[in-house]
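Chain and residue survey
This is what each chain is made of:
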Amino acid sequence: MRRPIALVATVALAVGAAGGTAALSTAKTSTATVKTRHTSLGTILVDAKGRTLYLFEKDTKNKSKCSGACATNWPPALTGGKPKAAGGAVSSRLGTTKRSDGTTQVTYAGHPLYTFVLDKNKPGATKGEGVDAFGAEWYVVGTNGKKIEKAGSSSTHSGY
């Protein structure tokens with residue numbers, strides 16, 4: 001299920017015009033918590049506020065390839081310390097990576113984690129599932145650390 005990049009590009013312009021870079025602020029970031037939520041896609045990873053966490057197939061192990069307009073649309077899950085696991089999230093799969101802007105991003109099984117602006121901070125929303133934007137596809141993350149593909153997705157590659 002590939003969604004067009006035009007939708008995301010439009011969001012980048014709208015968010016940028018509204019000053020939507022607050023998510024990338026260098027202000028002190030609290031320690032992140034990764035937990036789980038049951039959705040129609042199965043059990044997925046979410047942040048402490050219940051927002052869906054995504055992986056980006058362009059990323060390499062523990063290295064984000066998403067910055068600028070990409071990170072405006074897909075804000076990285078940042079942490080001010082060692083991330084914590086709750087619910088069905090596995091603490092041994094949690095880690096961090098330094099971003100090019102000096103912030104610390106949460107990883108899970110080596111995948112840097114992100115939220116998605118079109119989920120509008122609504123707990124459990126998964127509008128980013130299967131979106132093809134910024135050079136690769138985006139997927140929600142399961143507790144095993146792998147992408148979850150909605151039935152009928154046209155993508156056949158598995159990231160790394």
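Residues numbered from 1 in each chain as written. Predicted model: local features only at pLDDT ≥ 70, side-chain atom pairs only at ≥ 80, totals over all residues. Heavy atoms only, no water.

1. A word on the pattern of salt bridges
For the structure shown, the criterion picks out three salt bridges. Between Arg 51 and Asp 47 there is a salt bridge, with its nearest N and O atoms 2.6 Å apart. Exposure remark for Asp 47: the relative accessible area of 10% places this residue in the buried category. Put simply, Glu 149 and Lys 147 hold a salt bridge, and the shortest N to O gap is 3.6 Å. Taking the relative accessible area as the measure of exposure, Lys 147 reaches 17% and is therefore buried. (Salt bridge = Lys/Arg side-chain N within 4 Å of Asp/Glu carboxyl O. Buried < 20%, exposed > 50% of the residue type's maximum accessible area, 1.4 Å probe, protein only.)

2. A short note on the pairing of strand β9 (residues 136-141)
Counting buried positions along β9 yields six of six residues, so the element is predominantly enclosed. With three bridges connecting them, strand β3 (residues 54-56) and β9 associate as antiparallel partners. Each residue of the ladder has a partner; that of Leu 55, found in β9, is Tyr 139. With two bridges connecting them, strand β8 (residues 132-133) and β9 associate as antiparallel partners. Pairing of Ala 133 across the sheet is with Ala 136, part of β9. Inspection of the sheet shows β9 paired to strand β10 (residues 147-148) by two bridges, in the antiparallel sense. Residue pairing for β10: Val 141 is matched across the bridge by Lys 147. Counting the residues between successive antiparallel strands, the hairpin from β9 to β10 contains five residues, one of them, Gly 145, with a positive phi of roughly 85°. (Helix = DSSP H or I, 4+ residues; strand = E, 2+ residues; numbered from the N terminus. Pairing = 2+ DSSP bridges.)

3. Notes on the state of the cysteines
Taken as a whole and judged by the stated rule, the model has one disulfide. Residue pairing for Cys 66: its cysteine sulfur links by disulfide to Cys 70, the two sulfurs lying 2.0 Å apart. Here the disulfide of Cys 66 and Cys 70 is left-handed, its torsion about the S-S bond being about -110°. (Disulfide = S-S within 2.5 Å.)

4. Considerations on the side chain of Arg 99
Among the secondary structure elements, Arg 99 is positioned in the loop between β5 (94-98) and β6 (104-108). Buried and unpaired, Arg 99 has Asp 101 as its nearest opposite-charge partner, separated by 4.2 Å. Here the side chain of Arg 99 touches Gln 105 through a polar contact of 2.8 Å, side chain to side chain. Excluding residues that lie within four positions of it along the chain, Arg 99 makes contacts with Ser 64, Cys 66, Ser 67, Ala 71, Pro 76, Leu 78, Gln 105 and Tyr 114. (Lys, Arg positive; Asp, Glu negative; His and termini not counted. Polar contact = N/O pair within 3.5 Å; in protein donor to acceptor, adjacent residues only side chain to side chain. Contact = heavy atoms within 4.5 Å.)

5. Things to note about unusual backbone geometry
Negative phi values dominate among residues other than glycine, just as trans dominates among peptide bonds. Positioned with a positive phi, Lys 120 is a non-glycine residue whose angle comes to about 50°. One can find Lys 120 in the loop between β7 (111-112) and β8. Lys 120 gets classed as exposed once you look at its relative accessible area, which sits at 65%. Positioned with a positive phi, Asn 121 is a non-glycine residue whose angle comes to about 60°.

6. Considerations on the environment of Glu 137
Residue position: Glu 137 is located in strand β9. Spatially, the C-alpha atoms of Glu 137 and Phe 56 are 6.1 Å apart, while their sequence positions differ by 81 residues. In this structure the side chain of Glu 137 is engaged in a polar contact, spanning 2.3 Å, whose partner is the side chain of Tyr 139.

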